[in-house]
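# Understanding the architecture of this molecule
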Amino acid sequence: MRSTMGLSWKWTALLSLLSALLCLIGPALAVKEHDFKKCAQAGFCKRNRDYADKAASQSSTWISPYQVALDSPSLKDGQIQAVILKTINAAGEKVRLPVTISFLQSGVARVTIDEERRQNKDIELRHGSVARKERYNEAAKWSIVGGLEPDLKAEIVHQDDSQINVQYGLEGKFEAVIKLSPFAIDFRRDGVSHIKFNERGLFNFEHWRPKVERPEGEENPEEESTWWDETFGGSTDTKPRGPESVALDISFHGYEHVYGIPEHTGPLSLKQTRGGDGNYDEPYRMYNADVFEYILDSPMTLYGSIPFMQAHRKDSSVGLLWLNAADTWVDIIKTKGSSNPLSLNAEAPSSTQTHWISEAGIFDVFVFLGPTPQDISKKYGELTGTTAMPQEFALGYHQCRWNYISEDDVKDVDRRFDKWQIPYDVIWLDIEYTDEIKYFTFDPHSFTDPISIGKQLDSHGRKLVVIIDPHIKRVDNYPINEQLQSLDLAVHDKDGKIYEGDCWPGLSNWIDCFNPKAREWWKTLYKYENFNGTMENTFIWNDMNEPSVFHGPETTMPKDNLHFDDWEHRDVHNLNGMTYHHSTFEALKSRKKGEFRRPFVLTRAFFSGSQRFGAMWTGDNLADWGHLQTSITMLINQGISGFPFSGADVAGFFGDPESELITRWYQTAAFYPFFRAHAHIDTRRREPYLLGDPYTAIATAALRLRYSLLPSWYTTFFYANRDGSPILRPMFWTHPSSEGGLAIDDQFFLGSTGLLVKPIAEKDKYSTDIWIPDDEVYYDYFTYKTVKTEQGKHVTLDAPIDRIPMLIRGGHIITRRDIPRRSSALMRFDDYTLVISVSKNNEAEGELYVDDGDSYDYLEGQYIYRKFTLTPNVLSSTDAEGRDTKKIKPGKWLKAMRDVHVQKIIVVGGTPDVWNRKEVQVQSEGRTWSANVDYHAADGAYYAVINRVGVRVGENWSIKLD
Ligand code: NOJ
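Residues numbered from 1 in each chain as written. Predicted model: local features only at pLDDT ≥ 70, side-chain atom pairs only at ≥ 80, totals over all residues. Heavy atoms only, no water.

If you check an unreviewed UniProt entry, the protein appears there as alpha-glucosidase from Trichoderma harzianum CBS 226.95. Its UniProt record gives the protein a comment under Pathway (unreviewed entry), which states: "Glycan metabolism; N-glycan metabolism." Per UniProt, the protein has the following entry under Catalytic activity (unreviewed entry): "Hydrolysis of terminal, non-reducing (1->4)-linked alpha-D-glucose residues with release of alpha-D-glucose." (UniProt positions renumbered as here; feature names shortened; annotations may be inferred.)

This is how it looks when you write it as structure tokens:
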């Protein structure tokens, strides 16, 4: 992404004219595709695709050259250790590849494969490189935080010359059938194959070999043209270790749908990538990159990568984590009928065959056998960590643009929100706040007293987020640059010199957060006394951390750059952004001695594990309807890939959206886990109060809806933190038995609230069809009318411009705070409203989790966690964990919560016999009192409102319904 600042209006006008002309002859503004490699331009991808083609064309005679050598196979401490022998020539010469297959207590299996010669550093590097000789084996060190306890009950149940069968997992239901020659593994659940490794024989572990300099004209015994130095877009990658890719085919048997491997713009159910009608021609790529004006419906790489894939069919989910941080491509094909070509059973379910190709590193793959989507999310969360408990304000609305240009500007925007009574929590400062893009400084002319901003915001409980990027300006008299150089904490080039590149500040160096010393240094920079102008309500935005390098190969660093411990950038590229994000997260935790507060850090680049450090957003989208639609799918995909705290720029980064689009975008984003408006420096201002009649009022209503539901959002984040569950839940996740929903990616449930939302993301569209996953009763969220629905069918809802299509599924209890205020902090001690949607069976349940939204005191029991239950006879609230809350010594926040009540209960549906009444008897804390009931029955809406309920939210209470 490039700045167009400084262009005069004449130039802008000329450019607009030019681009208008270009529109006539070709596609409108879009990514410069030629800046990024296609598979055929990345040697290792091309070689592996060719290998796959060769295997397919010789299918009956193709033999994978890998065999397991097992003298005395044994399973010890849940692990099998062996060596795979790769036959590399007709003379039978072999390369040794040590393999470990681990069975974990959680039921997850892990397979790692390395190259013995490289483990022993017994290779020579070209070009006098000082890079590490081993294959990169540290991705787990950054990504994996738990779940590795071995399954000591795993046992070999069968063994002969051709295979070993290991039974493992919960109640021994899982089985790994390890085939020895050729090496392959069949993962089974209840005796049925679900995931197969190397079924198509595409396992390819490119072993190290010396480059043989041949006299000109002499033929190569093998096609070596892509093995060594490769040039792309004017940069040459020297590849000192030569070809070293690792690839494998992984088949999902009986699964037509696979999801995951963000970040891409295509549908949730991933497409085939080997051409054909409606399919992609290119594999999905994961190579974190600053992709300028990215295109929709594409397998191209974007800013972040999570190499985690999930497959689902009716009643069964399985998954896979390909833990590799190098440039990675994934081909997908689907087969109709049995994957066995000799099978006559054309009716057999479809299968998905995937082909994973990484440029470097060891092979390290985790296999999840489900069977439910919940199991998969939970176990993936155990391994890579779950969403950090957020700062509560972070779930409110964030107002950003590139740029609010001065202190006065910021204060003015803040005041205008108040004037228009529009709630918001955070205002953001993009790069222009700095003194000539020197991070950790404020511009001395336009931001003379940044603390005064912090104070004005703080008076309404609001916060400030400032951007800090990983490139450090290389300029004199900038102490941060001087320290980075003198302490030698930057990334180096292949020759060991500090790497120089170009980014916002011009000539820059990049902090190397793989270096523990760099991470310690980073902490010192954020201390309040060092980062002048920041205070307790300042938080951080990490951008450009793919890393983005203007004019670099594919807008990033050369792959032969060197990081801490001499790992090549090639090895760690996709981890780079996470280490930076992580460092900032830790730095915010140590801003002041004795301050134990949760950080908030937004990141653009990410990898498996980034969910532990904050939120992500989908980068530089466009202000058009397609991007609005795609944002929904992308965020759903983030959720099922373990990183649900996600958002997209509202209402599109590039361009000037029309009012209808902005309005629909606010309505959609009211359901983004991370809700931030942002815009490019060349766009017109579009803060919600500028939209005009009726749009400002409609956007405000969407914002107030968000704020009223904050208690439900916070509880949903609590679940994400506890068990890795998604926040926006797709139909297959909530209803794994309903077949018709497996490819639906434009509607979602919000956590377990029962709120089913389908935002309008099309111009001039004033009604929509929502797919109904079950035979429960559904109510319209706004009118409380019972909606006539049928399981597996669509129902049409009206969606005038002021309406978000939104249903409540029967059987849920939603928590809200209904008094509109200026920020979430000002709502912190407001009373609650419960909205109960009564199920077909006259039941409902729901939970509320709340803590101080800021500190780590919740780890010491300083939280309220209630379970609300409606049975046909009683409505009650109990501690969700059965704790004796009297025994908890309340801190300041918990004490203040003593005065917070559930004050209003709205019961939607249910039978008039029960709810058409004047009052109910409320019991709590040894007392009984009556509360008034207003019953409404008109136009198909039946609901009772219980007023002045008056129960303390943290206490047990009940209302008998006889
Ligand atoms: C790129 C980011 O994606 C965008 O959000 C930001 O405004 C610019 N960098 C400038 O910092």
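Once the structure has been displayed, the description carries forward.
## Side note on the overall build of the protein
A count of helices and strands for the protein gives 17 helices and 51 strands. Taken over the C-alpha trace, the protein has a radius of gyration of 29 Å; the compact-globule value for 962 residues is 30 Å, and the two agree within 12%. Every one of the 962 residues in the protein was classed for burial, and the buried ones make up 63%. When contacts within the protein are restricted to residue pairs at least 6 apart in sequence, long-range pairs at least 24 apart make up 72% of them. Total accessible area on the protein is roughly 35,900 Å²; 49% of this is exposed by carbon and sulfur atoms. Across the protein, the centroid of the 109 positively charged side chains sits 4 Å from that of the 135 negatively charged ones. (Helix = DSSP H or I, 4+ residues; strand = E, 2+ residues; numbered from the N terminus. Rg over C-alpha atoms; globule rule 2.2 N^0.38 Å. Buried < 20%, exposed > 50% of the residue type's maximum accessible area, 1.4 Å probe, protein only. Contact = heavy atoms within 4.5 Å. Areas by Shrake-Rupley, 256 points an atom, 1.4 Å probe, with all protein chains shown as cover. Lys, Arg positive; Asp, Glu negative; His and termini not counted. Charge placed at Lys NZ, Arg CZ, Asp CG, Glu CD.)

## Examining the site of the ligand
Near the ligand lie 14 residues; those nearest to it are Asp430, Asp543, Arg604, Asp620 and His678. Between His678 and the ligand, the recorded distance is 2.9 Å, taken from a side-chain N or O atom to an oxygen atom. Compared with its free state, where it exposes 300 Å², the ligand has 100% of that area covered by protein. Of the residues contributing to the shell around the ligand, the split by class is nine nonpolar, one polar and four charged. (Near = heavy atom within 4 Å. Polar contact = N/O pair within 3.5 Å; in protein donor to acceptor, adjacent residues only side chain to side chain. Nonpolar A, V, L, I, M, F, W, Y, C, P; charged D, E, K, R; others polar.)

## Notes on the pattern of salt bridges
Applying the stated rule across the entire model yields 72 salt bridges. Between Lys196 and Glu199 there is a salt bridge; the shortest N-O distance is 3.8 Å. The buried category is assigned to Lys196, whose relative accessible area is 19%. The residue Asp818 makes a salt bridge to Arg816 at a minimum N-O spacing of 3.0 Å. Under the relative-accessibility criterion, Arg816 is labelled buried at 10%. Taken together, the shared-partner salt bridges connect Arg118, Asp237, Arg241, Glu244, Arg285, Asp327, Glu359, Glu554, Lys559, Glu568, Arg570 and Asp571 into one network. (Salt bridge = Lys/Arg side-chain N within 4 Å of Asp/Glu carboxyl O.)

## Here we look at the pairing of strand β42 (residues 832–837)
Taking burial as the measure, the six residues of β42 include six buried ones, the bulk of the element. A two-sided burial pattern is seen for β42, the buried positions comprising Tyr832, Leu834 and Ile836 on one face and Thr833, Val835 and Ser837 on the other. As paired strands, strand β41 (residues 812–816) and β42 are joined by five bridges and run antiparallel to one another. What sits directly across from Ile813, in β42, is Ile836. Summarising the sheet, β42 and strand β46 (residues 901–908) pair through six bridges and their orientation is parallel. Its bridge partner lying in β46, Leu834 is registered against Ile905. (Pairing = 2+ DSSP bridges.)

## Here's the deal with the state of the cysteines
Under the definition given, this model contains one disulfide. Two residues, Cys39 and Cys45, share a disulfide whose sulfurs are 2.1 Å apart. Across the S-S bond of Cys39 and Cys45 the torsion is about -105 degrees, and the bridge reads as left-handed. Judged by its relative accessible area of 0%, Cys45 is buried. Left unpaired, Cys400 is separated from the closest cysteine sulfur, that of Cys503, by 17 Å. Of the residues examined, Cys400 reaches a relative accessible area of 2% and is grouped as buried. Of all cysteine sulfurs, the one in Cys503 lies closest to Cys513, which takes part in no disulfide; the gap is 15 Å. (Disulfide = S-S within 2.5 Å.)

## As for the pairing of strand β14 (residues 246–252)
The element β14 is extensively covered by neighbouring structure, given that seven of its seven residues are classed as buried. The pairing of strand β10 (residues 192–197) with β14 spans three bridges and is classified as antiparallel. Of the residues in β14, the one forming a bridge with Phe197 is Ile250. Sheet analysis places strand β11 (residues 204–205) next to β14, joined by two bridges and oriented antiparallel. The partner of Asn204 across the bridge, within β14, is Ala247. Pairing analysis gives seven bridges linking β14 to strand β20 (residues 351–358), with the strands arranged antiparallel. Within β20, the position partnered with Phe252 by the bridge is Thr352.

## As for the sheet that holds strand β35 (residues 755–757)
Here six strands make up an open sheet; going across it, the order is β33-β34-β35-β40-β37-β38 and the pairing antiparallel. With one partner strand each, in any of the chains shown, β33 (728–729) and β38 (786–787) form the two edges of the open sheet. Two strands pair when backbone bridges link them, and β35 and strand β40 (residues 806–809) are joined in this way by three bridges, in the antiparallel orientation. Along β40, the bridge assignment pairs Leu755 with Ile808.

## Thoughts on the nonpolar core
Counting residues in each nonpolar core, the largest one holds 200 residues, and the members touching the most others are Trp522, Phe600, Phe671 and Ile905. With residues near it in sequence (within four places) discarded, Trp522 still touches Phe440, Ile468, Asp469, Ile472, Ile511, Tyr580, Ser583, Thr584 and Ala587. By size, the runner-up hydrophobic cluster in this structure holds 57 residues, among which are Leu248, Tyr255, Tyr280 and Tyr284. (Core = buried A, V, L, I, M, F, W, Y, C linked by side-chain atoms within 4.5 Å.)

## Description of unusual backbone geometry
Here the residue pair Pro262 and Glu263 is connected by a cis peptide bond, since its omega of 20 degrees sits within 30 degrees of zero. Residue position: Glu263 is located in the loop between β15 (257–260) and β16 (284–286). Residues Val650 and Ala651 are joined by a peptide bond in cis, for which omega reads -5 degrees. Note on placement: Ala651 falls in the loop between β31 (646–647) and α12 (659–669). Despite not being glycine, Asp764 has its phi angle at roughly 55 degrees, a positive value. As for its position among the elements, Asp764 is in the loop between β35 and β36 (767–771). Although it is not a glycine, Asn842 sits at a positive phi angle of roughly 60 degrees. Mapped onto the secondary structure, Asn842 falls in the loop between β42 and β43 (844–851). The class of Asn842 is partly exposed, set by a relative accessible area of 26%.

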